[in-house]
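Architecture and fold: a report
What follows is the residue order along each chain.
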Amino acid sequence: MTTSLMPDLATRVYNHNFKLDPIVRSLLDTDIYKLLMLQTIWKERRDVPVTFSLINRTTSVRLADEIDERELRAQLDNARRIRLTKKEVIWLTGNTFYGQERLFTKEFIEWFSKYSLPEYKLSIEDGQYRIDFEGSWADVTLWEIPVLSIISELRSRAATHGVGRFELDVLYARAKAKLWEKVLRLNQLPDLLIADFGTRRRHSFLWQRWCIAAMKEGLGDKFIGTSNVLLAMNLDVDAIGTNAHELPMIEAALANSDDELLQSPYTVLERWSRTYDGNLLIVLPDTYGTSGFLKRAPGWVAKWSGIRIDSKEPIAGGEELIAWWQSRGEDPKEKLIIFSDGLTVDTIEEVYKQFNGRVRLSFGWGTHLTNDFSDCATRFTPQLKAISLVCKVRQASGRATVKLSDNIDKATGPTSEIERYRSIFGEDNIEQIKVTV
């Protein structure tokens, strides 16, 4: 990626005078884990009726006061008009993912090539946008990433609206210098492996593109790819991702007994393994608490390639995993741990020093990579600060879905159902940690 191909960000932002400057420009402008999950959903559970909802966990930020409703609807409507292009279909069909050719089946690609995002429901409640997506699971699930990136970028645009050309130039110069200093620090870690996981809460599409190009140049082989499928294709890097909490959340909601509920996280893994023929064996264990998941896990789970730590304190989580693998007769040095929750450079350095050489180590760097403009501006800094915004499945087949997490503050679902799940899954090592992003 040469400098001449990179956009002048300040000029681009200053010249926002198009009737519609699209934020989402492709169905592939999403995270690879959504497509990987979509294929197993399409194969196993495509017709389950679900509802996904936007949730702003940073309640002090009143999104409806910052973002114009007409602009929001225009961006959402534009996203609904997008279809896969012939180039994208060819790339998805022929590209190698995780060393596997034709990871997406011909039948799935044929269905996906005709796909478009379904309708949405939008209203305003107490200064917050209420956006719901209802329909079959296979149709609705892909809304998660576009709605999050649309909200995030509209906040960025609103914050910089009317700002002068020179002030914008200084803003982006400071942001670039700040990121480059992070890259230089990370490059001092000799065995580092790190990927971009920042699509959902990015400052903008163009800024994420710049961040990836900077990581690629500054880190070389230490930068292993991006979760964003479109940018992976355009910048010739690997698409990196696994799976997410919605799979066990919906499986749990469909359970007809407490025993089925306890088994649901492992049932999901069995389905995942069937879809990908024993490949992509990375476990996300924290939906109902990591410690309980590990304690009840069947023997075959320990033989999977690795585990992603999301909501658990990373040092404690890594040590727990090493001890668990050892107790199951597995060599931790042959296992992969992916750290991915709210990572800063300080956290990455700390975790690296703790675990390098003891396990295979990888990092998924998200919001603090693609949306860290603190200290880069003065008068509109608060509006540029990233917020904790998620789009979660809320119902499946008319039943409420629940996520407990390793962090009480990340729990989602009706209070009565959260308490029921806690009584069934237990609360081993579940803590309360302030959620920032």
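These remarks concern the structure in this document. What you see is a predicted model, and the numbers here were worked out from it, not measured in a lab.

Describing the overall build of the chain
Helix and strand counts for the chain come out as 19 helices and 13 strands. The globule rule puts the C-alpha radius of gyration for 437 residues at 22 Å, and the 21 Å found for the chain is close to it. Overall, the chain is about 60 × 50 × 45 Å in size when its C-alpha atoms are taken along their principal axes. Residues counted as buried form 58% of the 437 residues belonging to the chain. If you take every contact in the chain between residues at least 6 apart in sequence, the share linking residues at least 24 apart comes to 79%. Looking at the chain as shown, the accessible area adds up to about 18500 Å², and 48% of this sits on carbon and sulfur atoms. On the chain, the mean spot of the 58 positive side-chain charges and the mean spot of the 61 negative ones are 3 Å from each other.

Here's the deal with the pairing of strand S4 (residues 121–125)
Alignment of S4 against strand S5 (residues 128–136), held across 5 bridges, turns out to be antiparallel. Residue Glu125 lies in a different strand from S5, and its bridge partner there is Gln128. Linkage of S4 to S5, two consecutive antiparallel strands, is achieved through a turn of 2 residues, within which Asp126 is found at a positive phi near 55°.

Notes on the pattern of salt bridges
Counted by the stated rule, this structure contains 35 salt bridges. In this structure, Arg157 engages Glu153 in a salt bridge whose closest nitrogen and oxygen atoms are separated by 3.2 Å. With a gap of 4 residues between them, Arg157 and Glu153 both fall in helix H8 (residues 144–160), about one helical turn apart. Each of the two residues, Arg157 as well as Glu153, counts as buried.

Topic: the environment of Ser204
Within the secondary structure, Ser204 sits in the loop between strand S6 (194–196) and helix H10 (205–219). Here Ser204 falls in the buried class, since its relative accessible area comes to 10%. Separated by 147 residues in sequence, Ser204 and Arg57 place their C-alpha atoms 20 Å apart.

Comments concerning the packing of helix H12 (residues 246–253) against helix H13 (residues 258–275)
In contact at an axis separation of 8 Å, H12 and H13 are set at 130° when each is read in the N-to-C sense. Considering their axes alone, H12 and H13 lie oblique with respect to each other. The interaxial crossing formed by H12 with H13 has right-handed handedness. Residues Leu247, Pro248, Glu251 and Ala252 of H12 lie in contact with H13, whose contacting residues are Leu261, Ser264, Pro265, Thr267, Val268, Arg271 and Trp272. In terms of residue class, the contact of H12 with H13 is built from 7 nonpolar, 2 polar and 2 charged.

Side note on the nonpolar core
Nonpolar side chains tend toward joint burial in soluble globular proteins. Leu28, Leu72, Leu92, Phe112, Ile131, Phe363 and Trp365 are the most contacted members of the largest nonpolar core, which totals 142 residues. Here this core gets 9 residues from one element, more than from any other, and that element is H10. Sequence-distant contacts of Leu72, defined by excluding residues within four places in its chain, comprise Ile67, Leu122, Tyr129, Ile131, Ile150, Ile151 and Leu154.

Observations regarding the pairing of strand S1 (residues 49–56)
Burial analysis of S1 places 6 of its 8 residues in the buried class, the great majority of the element. Strand direction decides the pairing type here: S1 and S5, joined by 5 bridges, are antiparallel. Looking at S5, one finds that Ser53 is bridged to Asp132. In terms of strand pairing, S1 meets strand S12 (residues 389–396) through 7 bridges, oriented antiparallel. Across the sheet, the residue bridging to Ile55 is Val390, located in S12.

Brief notes about the packing of aromatic side chains
Considering all chains together, one arrives at 25 aromatic pairs under this definition. Considering the side-chain rings of Tyr172 and Phe373, the 5.8 Å spacing of their centres and the 85° angle between planes classify their relative orientation as edge-to-face. One end of the pair, Tyr172, is in helix H9 (residues 165–186); the other, Phe373, is in the loop between helix H17 (367–370) and helix H18 (381–384), and 201 residues separate them in sequence. Classification of Tyr172 as buried rests on a relative accessible area of 4%. Aromatic side chains Phe339 and Phe355 sit 5.8 Å apart centroid to centroid with 25° between the ring planes, which places their arrangement in the stacked category. Of this pair, Phe339 sits in strand S10 (residues 336–339) while Phe355 sits in helix H16 (residues 345–355); the two residues are 16 residues apart in sequence, bridging distant segments of the chain. An identical accessibility class is assigned to Phe339 and Phe355; each is buried.

A word on the sheet that holds S12
Taken together, 5 strands build an open sheet; the order of strands is S4-S5-S1-S12-S13 and the sheet is antiparallel. Across the chains shown, the open sheet's two edge strands, defined by having one partner strand only, are S4 and strand S13 (399–400). Where helix H4 (residues 69–80) meets the sheet, it contacts S4 and S5, and its direction lies at approximately 155° from that of S4. Against the sheet, H8 touches S1, S5 and S12, its axis set at about 145° to S12.

Here is what the cut-offs are and how they apply
- Residues numbered from 1 in each chain as written.
- Predicted model: local features only at pLDDT ≥ 70, side-chain atom pairs only at ≥ 80, totals over all residues.
- Heavy atoms only, no water.
- Helix = DSSP H or I, 4+ residues; strand = E, 2+ residues; numbered from the N terminus.
- Rg over C-alpha atoms; globule rule 2.2 N^0.38 Å.
- Buried < 20%, exposed > 50% of the residue type's maximum accessible area, 1.4 Å probe, protein only.
- Contact = heavy atoms within 4.5 Å.
- Areas by Shrake-Rupley, 256 points an atom, 1.4 Å probe, with all protein chains shown as cover.
- Lys, Arg positive; Asp, Glu negative; His and termini not counted.
- Charge placed at Lys NZ, Arg CZ, Asp CG, Glu CD.
- Pairing = 2+ DSSP bridges.
- Salt bridge = Lys/Arg side-chain N within 4 Å of Asp/Glu carboxyl O.
- Axes fitted to C-alpha atoms, helices over the stretch in contact; angles between N-to-C directions.
- Parallel < 35°, antiparallel > 145°, perpendicular 65-115°, else oblique.
- Left-handed = near helix turned anticlockwise from the far one by under 90°.
- Nonpolar A, V, L, I, M, F, W, Y, C, P; charged D, E, K, R; others polar.
- Core = buried A, V, L, I, M, F, W, Y, C linked by side-chain atoms within 4.5 Å.
- Phe/Tyr/Trp six-rings, centres within 6.5 Å; stacked < 30°, edge-to-face > 60°.

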